[in-house]
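These are the residues of each chain, in order.
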Amino acid sequence: MLLSDAAAAVLSPQELATALQHEMAHAHRRDNLKKLLFRFCAFPGMSRLEAAWCEAEEMAADDAAVASVGDALDLASALIKLSRLAPVHPAAALTRP
């Protein structure tokens, strides 16, 4: 598991611990391997199935990481802080001026 310096700097110790528990749940469940299999098994209609599965895997990782209301708040706070670190890219223009 990799952790950026920026993420480590912005998260509190409790937020970091809960976020790492969330990511460890993904690792224990081998979610990234399953996601890779979805990518290689492209069939018509798979995108909707993959999207539903991704949502379910995130909820399962959340459930595994959260044992109390405090943990849930720490995880939510970590997600908000980390989402603010991600650069926002402007939409690409479809036509030339």
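That block above? That's the structure.
Fair warning: this is a prediction, and the values are worked out from it, not measured in the lab.

Asks: How should the packing of helix H2 (residues 13-29) against helix H5 (residues 69-85) be read in this particular structure?
Replies: Axis angle and axis distance: for two packed helices, these are the angle between their axes and the distance between the axes, and together they describe the pair. Packing of H2 against H5 brings their axes to within 8 Å, and their N-to-C directions diverge by 90°. What the angle tells us is that H2 and H5 run roughly perpendicular. Along the contact surface, H2 presents Gln 14, Glu 15, Thr 18, Ala 19 and His 22, while H5 presents Asp 71, Asp 74, Leu 75, Ser 77, Ala 78 and Lys 81. Here the contact of H2 with H5 is built from residues that sort into three nonpolar, four polar and four charged.

Asks: How should the packing of helix H3 (residues 31-40) against helix H4 (residues 46-65) be read in this particular structure?
Replies: Contact geometry of H3 with H4 gives a least axis separation of 11 Å together with a crossing angle of 175°. The angle between H3 and H4 places the two elements in the roughly antiparallel class. Judged by residue contacts, Asp 31, Lys 34, Lys 35, Phe 38 and Arg 39 of H3 engage Met 46, Leu 49, Glu 50, Trp 53, Cys 54 and Glu 57 from H4. Taken together, the residues of the contact of H3 with H4 sort by class into five nonpolar, no polar and six charged.

Asks: Would you mind showing me how to read H2 here?
Replies: Because each turn of an α-helix spans 3.6 residues, side chains separated by three or four positions in sequence point in the same direction. Here H2 contains 17 residues, and its C-alpha end-to-end distance of 24 Å stays within 8% of the 24 Å for a straight helix at 1.5 Å per residue. Looking only at H2, the buried set comprises Glu 15, Leu 16, Thr 18, Ala 19, His 22, Ala 25 and His 26. Check the buried side of H2 and you find it contacts helix H1 (5-10), H3, H4 and H5. In the stretch just after H2, Arg 30 is the one whose phi turns positive, near 60°.

Asks: Please explain H4 as it appears in this structure.
Replies: Spanning 20 residues, H4 covers 28 Å between terminal C-alpha atoms, matching the ideal 28 Å at 1.5 Å per step. Those residues of H4 that sit buried are Met 46, Glu 50, Trp 53, Glu 57, Ala 61 and Ala 65. End-on view of H4: buried residues confined to an arc of 105°, all on one side of the axis. Looking at H4, the residues exposed on the side facing more than 90 degrees away from the buried face are Arg 48, Glu 55 and Asp 63. For H4, the secondary structure elements touched by its buried residues are H2, H3 and H5.

Definitions and cut-offs
The residue numbers shown here count from 1 along each chain, following its written sequence. Per-residue local features of the predicted model are confined to residues with pLDDT of at least 70, and side-chain atom pairs are confined, for both listing and counting, to 80 or more; whole-chain, interface and lining totals are unaffected and use all residues. Heavy atoms from the whole structure form the basis of all side-chain values; hydrogens and water molecules are not counted. Orientation is described by axes fitted as lines to C-alpha atoms, over the contacting stretch for helices, and by angles from 0 to 180 degrees between their N-to-C directions. Here a helix means four or more residues in a row that DSSP labels H or I, a strand means two or more in a row labelled E, and each is numbered from the N terminus. The scheme is simple: roughly parallel for angles under 35 degrees, roughly antiparallel for over 145, roughly perpendicular for 65 to 115, oblique for anything else. In this description, contact between two residues means that some pair of their heavy atoms is separated by no more than 4.5 Å. Gly falls in the polar group here, along with every residue not listed as nonpolar (Ala, Val, Leu, Ile, Met, Phe, Trp, Tyr, Cys, Pro) or charged (Asp, Glu, Lys, Arg). A helix is expected to span 1.5 Å multiplied by its residue count minus one. Buried, partly exposed and exposed residues are distinguished by accessible area as a fraction of the type maximum, computed with a 1.4 Å probe on protein chains only: under 20%, between the cut-offs, and over 50%, respectively. Note: the arc covers the axis-to-C-beta directions of the helix.

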